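# Architecture and fold: a report
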Amino acid sequence: MDRICCGILLRLITLLGSLLLTCKSGLAQIIIKDTNLNDFASSYVMSVDEFIHRFNAESIHPQLDTTDFETLRMRSILSLFDMQKFQVRDSLVAGELITFANAICDNDFKLDLESGGVYAEANCLFKYNQQELSINLILVFERVRGDIYKWAIQGINGLKECGLLDITRDGYINPNQHSVHFTELSSTDSDLSRYVSVFKEVDQLSFLLGMLKSRQISLISCSNVKFHFVQFPGYVFVIEEANRMGNNSGYLISSLISTDNMGKIEYINKLMGS
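A few points on the structure. (Residues numbered from 1 in each chain as written. Predicted model: local features only at pLDDT ≥ 70, side-chain atom pairs only at ≥ 80, totals over all residues. Heavy atoms only, no water.)

## Description of the overall build of the protein chain
Counting its secondary structure elements, the protein chain contains 7 helices and 6 strands. Helices and strands in the protein chain line up, N terminus first, as α-α-α-α-β-β-β-α-α-β-β-β-α. Every one of the 274 residues in the protein chain was classed for burial, and the buried ones make up 42%. In the protein chain, 61% of the contacts between residues at least 6 apart in sequence involve partners at least 24 apart. Surface accessibility of the protein chain: about 15500 Å² in total, with carbon and sulfur atoms responsible for 52%. (Helix = DSSP H or I, 4+ residues; strand = E, 2+ residues; numbered from the N terminus. Buried < 20%, exposed > 50% of the residue type's maximum accessible area, 1.4 Å probe, protein only. Contact = heavy atoms within 4.5 Å. Areas by Shrake-Rupley, 256 points an atom, 1.4 Å probe, with all protein chains shown as cover.)

Here's what the structure looks like:
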């Protein structure tokens, strides 16, 4: 089974390498060479930090041929794509991956957490009225002081989808109520959210924090985490853990989107539940 996994990875990277040869002349021996790698743990991308190191070519996938230094970083980036999420046998898809890797190398772009532009999306399980709800917390890397950083919650999404937040604004308060101290409000069913102005957006994070403070809802656990990178111009990519056996495993790129700055703003707003 281990040899089969090795073979699949080599064939997929070989395909990308072959296409790359047709896109960029003068490059030779782009394909990963066969090795006798038996320990998959050495190739498993164990953390986001390790992903960044490999992306920046500060550490290398154990199966990459390090003698071909000219193309080493490009091959290192290509090895970080989850090959089960990308149909690389499609020449258009393979071309997109190669174009992305080329752009990174040509601009000598390096990833880091401290510069911002990285959003962690933590899928959390909450308990509400004896029901379990899936809600995503969005965290950013925030400077405390000097070179000390921390992860901090900045947004949330999933409240509307799980039915916890009803944004229906169908409440009607009689225009004459201002003359009687809005007594109609005290006779409502206490769901004041129905009476909020259609021009006022409900802050979903504040809504959840209020429910947590009043103990109406409780956090059970945090499981899967995705990391959204919007640092590099023209692209947004997502990494998440592919927890499986094989050389193409661990924290890998599961999604790649080509977009402009306006598209990035829309992407972030949607991620934040706006």
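After that view of the structure, there is still more to cover.
## Focus: the sheet that holds strand β4 (residues 217-229)
Across the sheet, which stays open at both edges, the 6 strands sit in the order β3-β2-β1-β4-β5-β6 with antiparallel pairing between neighbours. A single partner strand is all that each edge strand has here, and the edge strands are β3 (148-157) and β6 (250-258). With strand direction ignored, the average angle separating the axes of adjacent strands in the sheet is 35°. Sheet topology note: the strand β2 (residues 131-145)/β3 ladder contains 9 bridges and is antiparallel. Paired with Glu 142 across the bridge in β3 is Lys 150. The sheet contacts of helix α6 (residues 204-213) involve β1 (118-128), β2, β3 and β4, and relative to β3 the element is tilted by about 95°. (Pairing = 2+ DSSP bridges. Axes fitted to C-alpha atoms, helices over the stretch in contact; angles between N-to-C directions.)

## Digging into the packing of aromatic side chains
Applying the stated rule across the entire model yields 17 aromatic pairs. With centroids separated by 5.0 Å and ring planes inclined at 75°, the aromatic side chains of Phe 100 and Tyr 235 adopt a geometry described as edge-to-face. One end of the pair, Phe 100, is in helix α4 (residues 91-106); the other, Tyr 235, is in strand β5 (residues 235-242), and 135 residues separate them in sequence. An identical accessibility class is assigned to Phe 100 and Tyr 235; each is buried. Three or more aromatic residues link up through ring pairs in this structure, and these residues are Phe 51, Phe 55, Phe 81, Phe 86, Phe 100, Phe 109, Phe 229, Phe 232, Tyr 235 and Phe 237. (Phe/Tyr/Trp six-rings, centres within 6.5 Å; stacked < 30°, edge-to-face > 60°.)

## Some remarks on the environment of Glu 241
With respect to the helices and strands, the residue Glu 241 is situated in strand β5. Look at Glu 241 and you get partly exposed, because its relative accessible area is 35%. Sequence-wise, Glu 241 and Ser 254 are 13 residues apart; in three dimensions their C-alpha atoms are separated by 8.8 Å.

## Here's the deal with unusual backbone geometry
One non-glycine residue, Gln 130, lies in positive phi territory at about 65°. Position of Gln 130 relative to the elements: it lies in the loop between β1 and β2. The backbone phi angle of Phe 182 is positive, close to 50°, even though this residue is not glycine. With respect to the helices and strands, the residue Phe 182 is situated in the loop between β3 and α5 (183-186).

## Looking at α4
In an α-helix, one turn spans 3.6 residues, which is why side chains three or four residues apart end up on the same side. For α4, which comprises 16 residues, the first-to-last C-alpha distance of 22 Å matches the rise-based estimate of 22 Å (1.5 Å per residue) to within 8%. Those residues of α4 that sit buried are Val 93, Ala 94, Leu 97, Ile 98, Phe 100, Ala 101, Asn 102, Ala 103 and Ile 104. For α4, the capping residue at the N-terminal end is Asp 90, with a side-chain oxygen 2.9 Å from the backbone nitrogen of Leu 92. In the segment just after α4, Asp 108 is the residue with positive phi, at about 50°. (Expected span 1.5 Å × (residues − 1). Polar contact = N/O pair within 3.5 Å; in protein donor to acceptor, adjacent residues only side chain to side chain.)

## Details of the pattern of salt bridges
Applying the stated criterion across every chain yields a total of 6 salt bridges. Asp 108 is the salt-bridge partner of Arg 73, the closest N and O atoms lying 3.7 Å from each other. Here Arg 73 is found in helix α3 (residues 72-78), whereas its partner Asp 108 is found in the loop between α4 and β1, with 35 residues between them in sequence. On the accessibility criterion, Arg 73 (11% relative accessible area) is buried. Put simply, Asp 170 and Arg 194 hold a salt bridge, and the shortest N to O gap is 2.8 Å. One end of the pair, Asp 170, is in the loop between β3 and α5; the other, Arg 194, is in the loop between α5 and α6, with 24 residues separating them in the sequence. Here Arg 194 falls in the partly exposed class, since its relative accessible area comes to 24%. (Salt bridge = Lys/Arg side-chain N within 4 Å of Asp/Glu carboxyl O.)

## Focus: the nonpolar core
Counting 50 residues, the largest nonpolar core has Phe 51, Phe 55, Phe 81, Phe 100 and Phe 237 as its most contacted members. Considering every element that reaches this core, the biggest residue donor is α4, with 6 residues. Sequence-distant contacts of Phe 55, defined by excluding residues within four places in its chain, comprise Arg 73, Ile 77, Leu 80, Phe 100, Ile 104, Phe 109, Leu 111 and Phe 237. Of all hydrophobic cores here, the second largest spans 8 residues; its members include Val 140, Val 236, Ile 268 and Met 272. (Core = buried A, V, L, I, M, F, W, Y, C linked by side-chain atoms within 4.5 Å.)

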